[in-house]
Amino acid sequence: MNTNIDITIIGSGLTGLTAAFYLKKAGKKIAVLEKNDRTGGVIQTIRKDGFIYEAGPNTGVYSTFELVRLFDDLDGLAIPEFANQKGKQRWIWKSGKWHALPSGLISAVSTPLFTPKDKFRILAEPFRKRGTNPDETVAGLVKRRMGKSYLDYAVDPFISGIYAGYPDQLITRYALPKLYRLEQNYGSFIGGSIKKRKEPKDELTKRATREVFSVKGGLQKLTDAMAGVTGSENIYLNASEIKIDHADTNYVTSFSAHNREYSLHSKYLVTATGAKELKGILKFIEEDELKPVETLPYAKVIQVVAGYRKWNGIPLDAFGGLVPSKEKRKVLGVLFTSSIFNNRAPEGGAVLSVFLGGIKHPELFEKEDDEIQKTVLNEISEMLGQKNSNPDILNIFRYKHAIPQYDITSGERLSAISKIESEHPGLFLGGNIRDGIGMADRVKQGYEIAQQILNEKNR
Ligand SMILES: Cc1cc2nc3c(=O)[nH]c(=O)nc-3n(C[C@H](O)[C@H](O)[C@H](O)COP(=O)(O)OP(=O)(O)OC[C@H]3O[C@@H](n4cnc5c(N)ncnc54)[C@H](O)[C@@H]3O)c2cc1C
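About the thresholds
- Residues numbered from 1 in each chain as written.
- Predicted model: local features only at pLDDT ≥ 70, side-chain atom pairs only at ≥ 80, totals over all residues.
- Heavy atoms only, no water.
- Helix = DSSP H or I, 4+ residues; strand = E, 2+ residues; numbered from the N terminus.
- Rg over C-alpha atoms; globule rule 2.2 N^0.38 Å.
- Areas by Shrake-Rupley, 256 points an atom, 1.4 Å probe, with all protein chains shown as cover.
- Lys, Arg positive; Asp, Glu negative; His and termini not counted.
- Charge placed at Lys NZ, Arg CZ, Asp CG, Glu CD.
- Patch = residues over 30% accessible without salt bridge, like charges linked within 9 Å, V, L, I, M, F, W, Y side chains within 5 Å.
- Salt bridge = Lys/Arg side-chain N within 4 Å of Asp/Glu carboxyl O.
- Buried < 20%, exposed > 50% of the residue type's maximum accessible area, 1.4 Å probe, protein only.
- Near = heavy atom within 4 Å.
- Polar contact = N/O pair within 3.5 Å; in protein donor to acceptor, adjacent residues only side chain to side chain.
- Nonpolar A, V, L, I, M, F, W, Y, C, P; charged D, E, K, R; others polar.
- Domains from an automatic or database assignment.
- Phe/Tyr/Trp six-rings, centres within 6.5 Å; stacked < 30°, edge-to-face > 60°.
- Lys NZ or Arg CZ within 6 Å of the ring centre and 35° of its normal.
- Pairing = 2+ DSSP bridges.
- Contact = heavy atoms within 4.5 Å.
- 1 Å grid on protein atoms, 1.4 Å probe; cavity = no way out; pocket = protein on both sides within 12 Å on 5 of 7 lines; lining within 4 Å.
- Points joined across faces, edges and corners; volume = space filled by probe spheres on them.

Peer 1: I'm lost on the overall build of the chain in this one. Help?
Peer 2: Across its full length, the chain carries 17 helices and 19 strands. A compact globule built from 459 residues should have a C-alpha radius of gyration of about 23 Å, and the chain, at 23 Å, falls within 12% of that. For the chain, the C-alpha atoms occupy an extent of roughly 65 × 55 × 45 Å along the three principal directions. Summing over all exposed atoms, the chain offers an accessible surface of approximately 21,000 Å²; the carbon and sulfur share of this is 51%. A distance of 6 Å separates the average location of the 65 positive side-chain charges in the chain from that of its 54 negative side-chain charges.

And the structure:
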């Protein structure tokens, strides 16, 4: 089938679907190509035996106006759900037990997590000089401003929880751009946060409260809602043998799906896959040009979901717990999903998501399920005191290219993306190859790509 459309989007994860949703809403003719048999990408909610749990991300931060606007625009098709009060505190593992992660200056001074010397350092943070190295790592920046114990017992586990990576490999301005800007623009993390809170904001930005969010009924309700508006007639599942040519002002995308061959002609092409897929799709781009993009390193992550009808371990009155590298445990951290959100486990029960692997332990990815299961149940018993070692549900999800690492190669990658896009008008390289790894970042990028296309006058 030969069809002329406005925009072809490759990938139906959160990024691709957000772009598709806004372009469809604006009346454009679009097609979304997805290699899997379902939309949503890594977002997948499972309902089983009274439990609701996620195979991919569990929670996001309600941090951008684009996310607020998306839920507004979905008009009830997906409704954000915010963390319960008890799901707000984070725990850090130190010397055989959990400690609350300080949430303010007073708790930072009284916590056993940091050394007395670093507590003084934290108090003096607003008076420290700005950094001058634009490629300073997260570890370098934090050590300089807050001290080594703050790096080891606050930032290292935080980076494990978000990036499944090491703070000494991530470059602050790419990996944590808001933190970088706090220092560069305001001279201090503490002073900058206070000043930023007082700055005037528009209504949508005010509603981006930075709360932890999911979606009522699970995150997949969000991607399902956007796929629904996009329309199944515009989404090609099981798309294979995708071949794209760039001729004159058109992108010609040929592929097969469900035993039919298609050829789509579009003015715009949006890729919303991970970096590793680009070489296979974008054959019209020189290999050397694409290399800095497709060689982006990713952390491998294993997520083990364990559900208990009867929880008899310690009270899970927190968001979850993170494990600093120094503590040398087998897991990176654990989320207490049923404490964060309502109705995720039967009354009196619990559902947990335990994370393993990452840049710290890539070797775990090669282990058999039996061994992973044994390791996780052992850690749950030792760290959370659950005596009954047999959960009522246990699922193991593996992601070979889970989380991109915005490391020292990021500058070269971003330049390569700009060059490729400027050489190929109408091409947008989206997805987590740039602009952040969190769900709010993905929605922001998908929205921005759609707006750029809608605002272009001359194509
Ligand atoms: C285990 C895990 C836990 C996470 N936890 C959190 C969290 O707690 N909070 C948070 O904010 N973020 C989290 N993230 C990150 C967040 O989930 C992602 O940033 C976001 O969902 C990615 O959306 P995406 O659309 O960019 O990519 P994806 O969801 O990866 O979607 C890409 C899509 O493209 C398709 N595709 C790939 N190649 C092709 C091809 N050749 N042809 C056609 N289709 C193709 C894929 O099948 C997929 O559907 C987590 C990620 C993982 C993996």
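Text resumes after the structure shown.
Peer 1: Is there a simple way to explain a nonpolar patch on the surface in this structure?
Peer 2: A grouping of L105, V109, F120 and L123 is seen on the molecular surface, where their side chains present a nonpolar patch of about 380 Å² in accessible area. Its location among the elements puts V109 in helix α3 (residues 105-110). Here V109 falls in the partly exposed class, since its relative accessible area comes to 38%.

Peer 1: Just to check I follow, could you spell out the pattern of salt bridges for this structure?
Peer 2: Side-chain pairing between opposite charges can occur once the charged atoms of the two side chains come close. Tallying each qualifying case throughout the model produces 24 salt bridges. A salt bridge links K326 to D152; the nearest nitrogen and oxygen atoms lie 3.7 Å apart. Here the residue K326 occupies a position in the loop between β15 (320-322) and β16 (333-335), and D152 occupies one in helix α6 (residues 148-163), the gap between them amounting to 174 residues. Among the salt bridges present, the one from R329 reaches E382, with a minimum N-O distance of 2.6 Å. Residue R329 is found in the loop between β15 and β16, and its partner E382 is found in helix α15 (residues 369-384); the two are separated by 53 residues along the sequence. In the salt-bridge network here, residues are joined through shared partners; they are E125, E136, R144, R145 and E183.

Peer 1: In this structure, what is going on with the site of the ligand? I would like to understand it.
Peer 2: The environment of the ligand is formed by 30 residues, the closest being T15, E34, T59, I437 and M439. At 3.1 Å from a nitrogen atom of the ligand is found a main-chain nitrogen or oxygen belonging to K35. Between the ligand and I437, the relevant distance is 2.5 Å, taken from an oxygen atom to a main-chain nitrogen or oxygen of the residue. Elements represented by at least two residues in the shell around the ligand include exactly α1 (14-25), β18 (393-404) and α17 (439-455). Residue contributions to the shell around the ligand peak at three residues, all from β18. In terms of residue class, the shell around the ligand is made up of 14 nonpolar, 12 polar and four charged. Taken together, domain 1 (2-41 + 220-296 + 406-455) and domain 3 (298-404) each give at least three residues to the shell around the ligand, which thus spans both.

Peer 1: For this particular structure, what's the right way to read the packing of aromatic side chains?
Peer 2: Where two aromatic rings form a pair, the distance of their centres and the angle of their planes describe that pair. Tallied over the entire structure, the rule returns 18 aromatic pairs. The interplanar angle of 75° and the centroid separation of 4.9 Å between the aromatic rings of F21 and Y22 together place this pair among those described as edge-to-face. Taken individually, F21 and Y22 each receive the classification buried, so the pair is uniform in this respect. Stacked on the ring of F319, the Lys or Arg R90 has its end atom at 3.9 Å from the ring centre. Positioned above the aromatic ring of F189 is the side chain of R145, whose terminal nitrogen or guanidinium carbon lies 5.6 Å from the ring centre.

Peer 1: Help me out: how do you make sense of the sheet that holds strand β5 (residues 60-61) in this one?
Peer 2: Think of a sheet as strands paired side by side through backbone hydrogen bonds, with each pair either parallel or antiparallel. Read from one edge to the other, the open sheet built from three strands follows the order β5-β9-β6, with strand pairing classed as antiparallel. Two strands in the sheet have a free side with no partner beyond their single neighbour: β5 and β6 (80-82).

Peer 1: Quick question: what am I supposed to make of the side chain of S12 here?
Peer 2: Along the chain, the position of S12 falls in the loop between β1 (2-10) and α1. Given the relative accessible area of 0%, S12 is considered buried. A polar side-chain atom of S12 sits 2.8 Å from a polar atom in the side chain of E34. Aside from chain neighbours lying at most four places away, what touches S12 is L17, V32, L33, E34, R38, T39, G40 and G41.

Peer 1: How should the pairing of strand β12 (residues 250-257) be read in this particular structure?
Peer 2: A regular strand carries its side chains on alternate faces of the sheet. Counting buried positions over the eight residues of β12 gives six, a clear majority of the element. Pairing of strand β11 (residues 240-247) with β12, which is carried by six bridges, proceeds in the antiparallel orientation. In the strand pairing of β12, S240 is matched with S256. Between β11 and β12, which pair antiparallel one after the other, the connecting turn spans two residues, and D248 there sits at a positive phi close to 50°.

Peer 1: Could you clarify how one ought to interpret the pairing of strand β13 (residues 260-271) in this entry?
Peer 2: Sheet topology note: the β1/β13 ladder contains eight bridges and is parallel. Following the sheet pairing, I9 is matched in β13 by V270. Taken together, β12 and the strand that follows it, β13, pair antiparallel across an intervening segment of two residues, in which H258 is found at a positive phi of about 50°.

Peer 1: What should I look at first to understand the layout of surface pockets in this one?
Peer 2: Empty space left among the atoms is revealed by rolling a probe the size of a water molecule over them. The calculated volume of the second largest pocket comes to roughly 340 Å³. As for the second largest pocket, its lining consists of 18 residues, and the residues nearest its centre are K86, S338, P346, G348 and G349. Taken together, the residues of the lining of the second largest pocket break down into seven nonpolar, seven polar and four charged.

Peer 1: For this particular structure, what's the right way to read empty space enclosed by the protein?
Peer 2: Within this structure, the stated rule accounts for two cavities of 30 Å³ or more. Reported here for the largest cavity is a volume of approximately 70 Å³. Residue lining of the largest cavity: W98, V323, V331, V334, V354, V376, E379, I380, M383 and L384, and that is the complete set. Top element by residues in the lining of the largest cavity is α15. It accounts for five residues.

Read these as layout, nothing more, since geometry by itself doesn't imply function.
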